[in-house]
Amino acid sequence: MKKLFASTILAAGLYGFTGSAQAAECGDVSIAEMNWASAGVAAQVDKIILENGYGCNVTLVTGDTMPTFTSMNEKGEPDVAPELWVNAVRTPLDEAIAEGRLIQLAPLLSEGGVEGWWIPKFLADAHPDIKTVQDALKHPDLFPAPEDPSKGAVHNCPSGWNCQVSTSNLYRALNADADGFELVDTGSAAGLDGSIANAFEKKTGWLGYYWAPTAILGQYEMTRLSFGVEHNKADWDACTAVPDCPDPKVNSYPTSDVFTVVTKAFSEKAGVAMDYMKTRQWDNGTVGKVLAWMTENQGTNEDAAKYFLETYPDMWTKWVSPEIAEKVKAAL
């Protein structure tokens, strides 16, 4: 965000400005609209609030984790990455923060990005003894494999995804084959989603890898199982996440830190809008429901952002002043 509010403008004086005067102070703002759903919707929410609440002239630019971070770090643009999964860039991001180029603001996802092995909630409710992955592996009959129902199934990530490696290694670490399970290749993201939808349609068990926030977990209630151990980063980096690791150990998935990151130049010019950027965050459950609505209604990122603002005012109005909230509501 290049010219938002002069830092000397006080909030009390802001509310007396006309919209045109505000726009003159705010100026141009560039926001990365990342190429996955939750981040794309977040960018559109920011655009609507900054334009209608603060009078900014917002431009959305296509983004992805590494290209966006590199551009912000080296060129100072775009101004804002609303949903940056910082584990992938932690070391260079720490350097950029220490050297004063970038600023890490609020965690956009209040619980972080979550990965793990899940089962349907209806199955978890019916079998309260199943709390861990190891508990589930005692019951291959509850999770029938699609090609051979006499065996249990652990549904893997699509080919080429990092989670395929970790799931395969954890399957071996748990000796799941000895418990009567086979590792099922879902083929694609659509295949993985379809296997979950099919399980709910038929009310059959399902066990496998998934992550949040996502539309599927907003549409279908799932329960994440514990692996019974804490996340061991050294083992994860040396083995769990390494293809064909010879001796994998049971490990837990890391929680991914997901923050809003802005350029230092933006932070110095942003004025009261920085208060919004520092405050706004949402939980995975809400994001999942918004993404599920988006999928069911074949909506765009902008459609989903408007749906969120119209449906969850109790959440987002806490991110802004009452005056700003009224301006945004009036624009919907």
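Caption draft 1: Quick peek at helix α15 (residues 301-311). When α15 is considered as a whole, its buried residues turn out to be Asn-301, Ala-304, Ala-305, Phe-308 and Leu-309. Looking straight down α15, one finds its buried side chains confined to an arc of 135°; they lie on one side. Buried residues belonging to α15 abut β1 (28-34), α3 (37-54), α14 (284-296) and α16 (313-316).

Caption draft 2: Region of interest: the state of the cysteines. Overall, the coordinates contain 2 disulfides when judged by the stated rule. In this model Cys-157 forms its disulfide with Cys-163; the gap between the sulfur atoms is 1.9 Å. Here the disulfide of Cys-157 and Cys-163 is left-handed, its torsion about the S-S bond being about -80°. For the residue pair Cys-157 and Cys-163, the accessibility class agrees, reading buried in each case.

Caption draft 3: How the structure looks around the layout of surface pockets. Roughly 1200 Å³ of internal volume is contained in the largest pocket. Around the largest pocket sit 32 residues that line it, and Trp-85, Glu-115, Asn-162, Tyr-209 and Ser-256 are the ones nearest its centre. Elements with a minimum of two residues in the lining of the largest pocket: α3, α5 (90-98), α8 (162-173), α9 (189-202), β8 (208-212), α10 (215-219) and α11 (233-240). For the lining of the largest pocket, the class distribution of residues is 18 nonpolar, 9 polar and 5 charged. Of the voids in this model, the second largest pocket is the one considered here, and its volume is about 320 Å³. Along the walls of the second largest pocket sit 17 residues, with Leu-217, Gly-218, Met-222, Asn-284 and Gly-285 positioned nearest its centre. Looking at the lining of the second largest pocket, the elements with two or more residues in it are β5 (114-120), α10 and α14. Grouping the constituent residues of the lining of the second largest pocket by class yields 7 nonpolar, 6 polar and 4 charged.

Caption draft 4: Molecular detail of the packing of α3 against helix α17 (residues 322-331). One can describe the packing of α3 onto α17 by two numbers: an axis separation of 8 Å at closest approach and a directional angle of 110°. With respect to each other, α3 and α17 are oriented roughly perpendicular. The hand of the α3/α17 crossing is right-handed. Contacts from Ile-48, Ile-49, Asn-52, Gly-53 and Tyr-54 in α3 reach Ile-324, Lys-327, Val-328 and Ala-331 in α17. Taken together, the residues of the contact of α3 with α17 sort by class into 6 nonpolar, 2 polar and 1 charged.

Caption draft 5: Examining the pattern of salt bridges more closely. Summed over the entire model, instances satisfying the criterion amount to 11 salt bridges. Here Glu-99 makes a salt bridge to Arg-101, at a shortest N to O gap of 2.4 Å. Judged by its relative accessible area of 53%, Glu-99 falls in the exposed class. Residue Asp-247 is joined to Lys-249 by a salt bridge in which the shortest nitrogen-to-oxygen separation is 2.9 Å. For Asp-247, a relative accessible area of 49% gives the class partly exposed. The exposure class of Lys-249 is partly exposed, given its relative accessible area of 43%.

Caption draft 6: Up close: empty space enclosed by the protein. Per the stated rule, a full pass over the model turns up 1 cavity of 30 Å³ or more. Estimated volume of the largest cavity: approximately 40 Å³. Forming the walls of the largest cavity are Ala-42, Val-45, Leu-108, Arg-280, Trp-282 and Trp-319.

Caption draft 7: Expanded view of the packing of α3 against α15. Direction vectors running N to C along α3 and α15 enclose 65°, while the axes themselves pass 8 Å from each other. Classified by the angle their axes make, α3 and α15 are roughly perpendicular. In terms of crossing hand, the pair formed by α3 and α15 is right-handed. Judged by residue contacts, Ala-37, Gly-40, Val-41, Gln-44, Val-45, Ile-48 and Ile-49 of α3 engage Asn-301, Glu-302, Ala-304, Ala-305, Lys-306, Phe-308 and Leu-309 from α15. Split by residue class, the contact of α3 with α15 holds 9 nonpolar, 3 polar and 2 charged.

Definitions and cut-offs
Residues numbered from 1 in each chain as written. Predicted model: local features only at pLDDT ≥ 70, side-chain atom pairs only at ≥ 80, totals over all residues. Heavy atoms only, no water. Buried < 20%, exposed > 50% of the residue type's maximum accessible area, 1.4 Å probe, protein only. Helix = DSSP H or I, 4+ residues; strand = E, 2+ residues; numbered from the N terminus. Arc of directions from axis to C-beta. Contact = heavy atoms within 4.5 Å. Disulfide = S-S within 2.5 Å. 1 Å grid on protein atoms, 1.4 Å probe; cavity = no way out; pocket = protein on both sides within 12 Å on 5 of 7 lines; lining within 4 Å. Points joined across faces, edges and corners; volume = space filled by probe spheres on them. Nonpolar A, V, L, I, M, F, W, Y, C, P; charged D, E, K, R; others polar. Axes fitted to C-alpha atoms, helices over the stretch in contact; angles between N-to-C directions. Parallel < 35°, antiparallel > 145°, perpendicular 65-115°, else oblique. Left-handed = near helix turned anticlockwise from the far one by under 90°. Salt bridge = Lys/Arg side-chain N within 4 Å of Asp/Glu carboxyl O.

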